[in-house]
Amino acid sequence: MRTVVAGAITSSDGRLLLAQRSYPVQVAGLWELPGGKVEPGEELAAALRRELREELEIDVEVGALLAETVELAHDLTLVALWARIVDGVPRAVEHSRLVWVSVDELEDMAASNQLVPADTAWVPELCEVLRQR
Ligand code: DCP
């Protein structure tokens, strides 16, 4: 069983960073919270910081667990953590595009199935927290 960790990266004006997947073909074009696989023995927060340095060239401060973990296929468990950029400007190294969305935009994208299926489960929690900011 492997764990995938994703970051709910927020801006100071209450937006959320979404990244558009470029592969595999089944989910290419859909948007996700960026992240990747945790290495054996690696802590979740450390894995997220490493993945976001590799994928977006940013350093983040990692916060609390976002919500329930999601079971993915192929023995993968998906976990999301809140995060805040402390250095760098996000660049799409592996993704097609990046976008900062408002709560309303996030809800619209979820309603029109533009998010990767697994991440859709987090939308209510994401919106609730972002609305409080
Ligand atoms: N995933 C997801 N939602 C996210 C992030 C990832 O559903 N917010 C899924 C997609 C893949 C798996 O998790 O099935 C692994 O994600 P990545 O391909 O982004 O992770 P890595 O880059 O670590 O893995 P790989 O070696 O496969 O490229």
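On a predicted model such as this, the values are computed, not experimentally measured, just so you know. (Residues numbered from 1 in each chain as written. Predicted model: local features only at pLDDT ≥ 70, side-chain atom pairs only at ≥ 80, totals over all residues. Heavy atoms only, no water.)

Draft legend 1. Up close: the overall build of the protein chain. Secondary structure assignment for the protein chain yields four helices and eight strands. The C-alpha atoms of the protein chain give 14 Å as radius of gyration, which agrees with the globular expectation for 133 residues (14 Å, within 12%). Here the C-alpha coordinates of the protein chain stretch approximately 35 × 30 × 25 Å along the principal axes. With 133 residues in all, the protein chain has 45% of them scored as buried. Total accessible area on the protein chain stands at roughly 7,000 Å², and carbon and sulfur atoms take up 49% of it. (Helix = DSSP H or I, 4+ residues; strand = E, 2+ residues; numbered from the N terminus. Rg over C-alpha atoms; globule rule 2.2 N^0.38 Å. Buried < 20%, exposed > 50% of the residue type's maximum accessible area, 1.4 Å probe, protein only. Areas by Shrake-Rupley, 256 points an atom, 1.4 Å probe, with all protein chains shown as cover.)

Draft legend 2. Geometry of unusual backbone geometry. Put simply, Tyr23 and Pro24 share a cis peptide bond, and its omega is -20°. Not every positive phi belongs to a glycine, and Glu57 is a case in point at roughly 60°. Relative to the helices and strands, Glu57 resides in the loop between α1 (44-56) and β5 (59-65). One non-glycine residue, Asn113, lies in positive phi territory at about 55°. For Asn113, the position within the fold is in the loop between α2 (103-111) and α3 (117-120).

Draft legend 3. Main features of the packing of aromatic side chains. Tallying each qualifying case throughout the model produces zero aromatic pairs. Note that Arg21 overlies the ring of Tyr23, its terminal NZ or CZ placed 4.8 Å from the centroid. (Phe/Tyr/Trp six-rings, centres within 6.5 Å; stacked < 30°, edge-to-face > 60°. Lys NZ or Arg CZ within 6 Å of the ring centre and 35° of its normal.)

Draft legend 4. A look at the site of the ligand. In the neighbourhood of the ligand, 16 residues make up the surrounding shell, with Arg21, Tyr23, Leu33, Lys37 and Asp119 lying closest. In the environment of the ligand, an oxygen atom lies 3.2 Å from a nitrogen or oxygen atom belonging to the side chain of Arg21. Protein burial of the ligand: of its 580 Å² of free accessible surface, 72% is covered by the chains. For the shell around the ligand, the secondary-structure elements that each account for two or more residues are β1 (2-10), β4 (35-37), β7 (76-87) and α3. (Near = heavy atom within 4 Å. Polar contact = N/O pair within 3.5 Å; in protein donor to acceptor, adjacent residues only side chain to side chain.)

Draft legend 5. Representation of the nonpolar core. Among the nonpolar cores identified, the biggest contains 26 residues, and Leu16, Leu18, Leu33, Leu106 and Trp122 are the most heavily contacted of them. Mapped onto this core, the elements with two or more residues apiece are β1, β2 (16-20), β7, α2 and α4 (123-131). No other element matches the five residues that α4 contributes to this core. When neighbours within four sequence positions are excluded, Leu106 is seen to be in contact with Leu16, Leu18, Val101, Leu115, Val123, Leu126, Cys127 and Leu130. One finds Ile9, Leu17, Leu56 and Ile58 within the second-largest nonpolar core, a separate group that totals twelve residues. (Core = buried A, V, L, I, M, F, W, Y, C linked by side-chain atoms within 4.5 Å. Contact = heavy atoms within 4.5 Å.)

Draft legend 6. Highlighting the environment of Arg131. Here Arg131 lies in helix α4. Residues Arg131 and Arg49 lie 82 residues apart in sequence; the distance between their C-alpha atoms is 25 Å. Non-local contacts of Arg131, meaning those with residues more than four positions away in its chain, are made with Val103, Asp104 and Glu107. A polar side-chain atom of Arg131 sits 3.5 Å from a polar atom in the side chain of Asp104.

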